Amino acid sequence: MELNQEISQYIQDHSGEALELLTTLAAIPAPSNQEEKRVEFCRSWLRQQGASEVLVDPALNVICPVGNWKEGPVSIFMAHTDVVFPDTDLLPVVRDGNILRAPGVGDDTANLTALLMAAKFVLQRGLVPREGGVLFVANSGEEGLGNLKGSRQLMADYGKRTRQVISFDGGTGGIINRAVGSRRYRVEIRTEGGHSYGDFGNRNAIAVMASLIDALYAVKVPQGGRTTFNVGVIKGGTSVNTIAQQAEMLYEFRSDCREDLEIMERHFQALIAAWQTKGVTVEVQLVGERPTMGPVDPAAQQALVEQICAATRRWSDQELRLKSGSTDCNIPLSMGIPSACTGCYIGGGAHTREEWLRIDSLEAGLHLAFDLVLQAF
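First things first, this report covers the structure right here in the doc. Given the structure is predicted, the values throughout are model-derived calculations rather than measurements. (Residues numbered from 1 in each chain as written. Predicted model: local features only at pLDDT ≥ 70, side-chain atom pairs only at ≥ 80, totals over all residues. Heavy atoms only, no water.)

### Topic: the packing of aromatic side chains
Then step 1. What the rule picks out here adds up to 10 aromatic pairs.
Then step 2. Both rings, one in Tyr10 and one in Phe370, keep their centres 6.2 Å apart while their planes meet at 45°; by these two values the pair is tilted. Taken together, the residues Tyr10 in helix H1 (residues 5-13) and Phe370 in helix H10 (residues 362-374) connect sequence positions 360 residues apart. Each member of the pair Tyr10 and Phe370 is classed as buried.
Then step 3. Ring geometry for Phe121 and Phe370: centres 5.6 Å apart, planes at 55°, overall tilted. One end of the pair, Phe121, is in helix H4 (residues 105-125); the other, Phe370, is in helix H10, with 249 residues separating them in the sequence. Note on accessibility: Phe121 and Phe370 belong to one class, buried.
Then step 4. Grouping aromatic residues by their ring pairs yields a cluster made of Tyr185, Tyr251, Phe253 and Phe268.
Then step 5. In this arrangement the basic side chain of Lys278 is found over the ring face of Trp275, its NZ or CZ atom lying 4.4 Å from the centre. (Phe/Tyr/Trp six-rings, centres within 6.5 Å; stacked < 30°, edge-to-face > 60°. Helix = DSSP H or I, 4+ residues; strand = E, 2+ residues; numbered from the N terminus. Buried < 20%, exposed > 50% of the residue type's maximum accessible area, 1.4 Å probe, protein only. Lys NZ or Arg CZ within 6 Å of the ring centre and 35° of its normal.)

### Here we look at the environment of Asn68
Then step 1. With respect to the helices and strands, the residue Asn68 is situated in the loop between strand E2 (62-67) and strand E3 (74-80).
Then step 2. Residue contacts for Asn68: discarding those within four places in its chain leaves Pro73, Gly132 and Gly133. (Contact = heavy atoms within 4.5 Å.)

### Some details on the pairing of strand E6 (residues 133-139)
In the case of a regular strand, side chains alternate between the two sheet surfaces.
Then step 1. For E6, the tally of buried residues reaches seven of seven residues, placing the bulk of the element in the interior.
Then step 2. Of the two faces of E6, both are covered, the one formed by Gly133, Leu135, Val137 and Asn139 as well as the one formed by Val134, Phe136 and Ala138.
Then step 3. Looking at chain direction, E2 and E6 are connected through six bridges and run antiparallel. Pairing of Gly67 across the sheet is with Gly133, part of E6.
Then step 4. Bridge count for E3 against E6 is seven bridges, and the pairing is parallel. Pairing of Ser75 across the sheet is with Val134, part of E6. (Pairing = 2+ DSSP bridges.)

### Notes on the environment of Gln223
Then step 1. For Gln223, the position within the fold is in the loop between helix H6 (205-216) and strand E11 (227-236).
Then step 2. It is 48 Å that separates the C-alpha atoms of Gln223 and Glu17, two residues lying 206 residues apart in sequence.
Then step 3. Here the side chain of Gln223 touches Val221 through a polar contact of 3.0 Å, landing on its backbone oxygen. (Polar contact = N/O pair within 3.5 Å; in protein donor to acceptor, adjacent residues only side chain to side chain.)

### Quick word on the sheet that holds strand E9 (residues 181-190)
Then step 1. Overall, antiparallel pairing links the four strands, which are arranged E11-E13-E9-E14 in an open sheet. Of all the strands in the sheet, the pair left with one neighbour each is E11 and strand E14 (281-290). Within this sheet the neighbouring strands show an average axis-to-axis angle of 15°, counted without direction.
Then step 2. Where E9 meets E14, nine bridges bridge the pair, whose relative direction is antiparallel. For Tyr185, the partnering residue across the bridge sits in E14 and is Leu286.
Then step 3. Here helix H7 (residues 258-275) sits on the sheet and contacts E9, E11, strand E13 (246-255) and E14; the angle it forms with E9, its principal contact strand, is near 5°. (Axes fitted to C-alpha atoms, helices over the stretch in contact; angles between N-to-C directions.)

### Some remarks on the sheet that holds strand E17 (residues 347-348)
Then step 1. The four strands are arranged E4-E5-E18-E17 in an open sheet whose pairing can be described as antiparallel. Each edge of the sheet is formed by a strand with only one pairing partner; in this case those strands are strand E4 (94-96) and E17.
Then step 2. The sheet contact formed by E4 and strand E5 (residues 99-101) spans three bridges and is antiparallel. Considered in E5, the bridge of Arg95 is made with Leu100.

On their own, these measurements won't tell you what the molecule is for.
This is the structure:
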């Protein structure tokens, strides 16, 4: 179905409703692995729009199915409910003229709003997919240590029948068409510790950890693709006059090249093994893993990307940027399913408490979301 003048008028007439929905959603806390409040809101809202069936799966994905979704092939349109912030109380939402500010307002609440509004149109018009079924999914666990739990569950349940996946995430113009894989580890070091004066000379877990971090940062990254690494959190110790008995860190490495990811894994494991010979306790836990690209048909993937590019050009003057990224699309891409990620707003400050978006960009974002969704009908 083409996005004609009648549908465009519908979007304009409902832009105020969309802004109100965004403002409401942005205030609802949704840390990764604690998305229940947004889950309940989205389920209730979709039922109010006329959905005959709304499912919540074990991973806390809210799934609104349309068409022959139980047996036929399915297309999935998704946007994640979780934000990076740990808050469990209401999040602050502030409007300042044309700017709307809130933690997570763009990533990914604006895109979730666009997805829900497109689902509402489909439900209220009683549209039927051209082939098989469509799943509108407010999915969980995209951020941080959510470890893509929502996307993993969807692919476990529907992956064998999934034709393609479009994830609404990020800002308008940025199109992620290649998966960046990653591995995330918690590393803990324990020593005998002691009193800073009386036991001086005993090994300090913080000092041992610092030497390990220094060694990790001396690793030369492979050149097959783009590869990065980072120590994002360190903590430990007891007091200023205590030789630390314990320290821990969170370490990750990423790459858009499967072979380079394995090279980084070997470097990491070799350094851990070396530090385990130093007479201290070194324990490692894998806390997150995101796969890289699988055997995706190049023609099918290119066709999907061109579809998104064309729709973006129709509704936005933002520069198109094809790039690699770590998103919900990693899971279907690793399984060979054509997938891409694009956004429906203009803003900045993602993953900070000062995140903002331009309110006047939301209507174009709705047109983009409707355009992509309605091509399945």
